[in-house]
Amino acid sequence: MAKSWYIVHTYTGYENKIERTIRQMLEAGELDSNIVSDVKVPVEEVVEVKDGKKRSRKNKFLPGYIMMEMDLPELGWKDVCGTIRHIQGVTGFVGTNPNVRPRPISTEEAKNLLQKSGDIKGEKAVRVKQNYELGDQVKITEGPFATFSGTVEEINAEKNKLRVMVQIFNRATPVEVDLLQVEKII
């Protein structure tokens with residue numbers, strides 16, 4: 001069997017504690033490091049602009065779940081899974097009963113989750129906390145149009161971009177800016 005990623009359901013708020021417990025069990029030899037190779041709490045970086053200052057924090061984007069990379073053996077999988085299920089705060093593996101062998105998530109799903117959390121090399125996804133609506137008055141704080149003010153005409157949440165109508169030479173001109181380059185005028 002090859003290594004695959006499994007999702008473990010936990011009590012919300014216990015994810016980091018369970019991750020530490022599993023790592024301690026691996027160090028102590030209670031779990032075989034040849035079977036359990038990695039454990040992660042999927043988090044994403046969220047950037048928020050407040051009072052003209054950028055604040056960054058990490059948010060769990062799957063609260064109540066952790067990811068485990070395992071090479072689960074055909075024989076003896078019940079012992080490994082039972083050990084993990086008996087950790088305080090773990091409710092079980094996603095999608096299976098305790099008597100059924102857990103099913104791994106697809107490699108594509110695992111890749112997407114790991115990339116979103118920045119664990120795979122490449123473009124690290126940073127989510128910007130959006131608090132803009134169509135028609136909001138905003139001031140551009142960075143870039144070539146710094147100090148211009150305008151009205152939000154379009155919001156592209158996937159790309160973290162806004163289209164803002166600004167007055168340039170007494171003409172309304174659409175300008176595309178990053179969410180981090182503007183602040184709301186109150």
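The sections below set out a description of the structure shown in this document. Just so it is clear, the structure is predicted and the values come from calculations on it, not from any experiment.

## A few points about the pairing of strand β9 (residues 149-156)
(1) Moving on: Bridging between strand β8 (residues 137-140) and β9 involves three bridges; their strand directions are antiparallel. Within the sheet, the bridge partner assigned to Gln137 lies in β9 and is Thr151.
(2) Moving on: Between β9 and the antiparallel strand that follows it, strand β10 (residues 161-168), lie four residues; Asn160 among them carries a positive phi value of about 55 degrees.

## Section: the nonpolar core
(1) Moving on: Core analysis: the largest hydrophobic core is formed by 22 residues, its most contacted members being Ile22, Val36 and Met70.
(2) Moving on: Tyr132, Leu162, Val166 and Val177 belong to the second largest nonpolar core, which has 12 residues in total.

## Concerning unusual backbone geometry
(1) Moving on: In this structure, Thr147 is a non-glycine residue whose phi angle is positive, near 80 degrees.
(2) Moving on: Even without being glycine, Asn170 reaches a positive phi, approximately 60 degrees.
(3) Moving on: Along the chain, Asn170 falls in the loop between β10 and β11 (171-178).

## As for the environment of Ile66
(1) Moving on: With respect to the helices and strands, the residue Ile66 is situated in strand β5 (residues 65-70).
(2) Moving on: On the basis of relative accessibility, which here comes to 0%, the residue Ile66 falls in the buried class.
(3) Moving on: Here the alpha-carbon distance between Ile66 and Trp5, two residues 61 residues apart in the chain, equals 10 Å.
(4) Moving on: Discounting chain neighbours no more than four positions away, the residues touching Ile66 are Tyr6, Ile7, Val8, Thr10, Glu15, Ile18, Ile22, Val39, Lys40, Val41 and Pro42.

## Observations concerning the sheet that holds strand β12 (residues 182-184)
(1) Moving on: The strand order β11-β10-β9-β8-β12 describes an open sheet built from five strands, whose pairing is antiparallel. The sheet is open, and its two borders are formed by β11 and β12, each paired with just one other strand. Each adjacent strand pair in this sheet contributes to an overall mean axis angle of 45 degrees, direction not counted.
(2) Moving on: Here β10 runs beside β11; their pairing, made up of eight bridges, is antiparallel. Bridge pairing in β11 places Gln167 opposite Ala172.

Rules of the game
- Residues numbered from 1 in each chain as written.
- Predicted model: local features only at pLDDT ≥ 70, side-chain atom pairs only at ≥ 80, totals over all residues.
- Heavy atoms only, no water.
- Pairing = 2+ DSSP bridges.
- Helix = DSSP H or I, 4+ residues; strand = E, 2+ residues; numbered from the N terminus.
- Core = buried A, V, L, I, M, F, W, Y, C linked by side-chain atoms within 4.5 Å.
- Buried < 20%, exposed > 50% of the residue type's maximum accessible area, 1.4 Å probe, protein only.
- Contact = heavy atoms within 4.5 Å.
- Axes fitted to C-alpha atoms, helices over the stretch in contact; angles between N-to-C directions.

In short, shape yes, function no, at least from these values alone.
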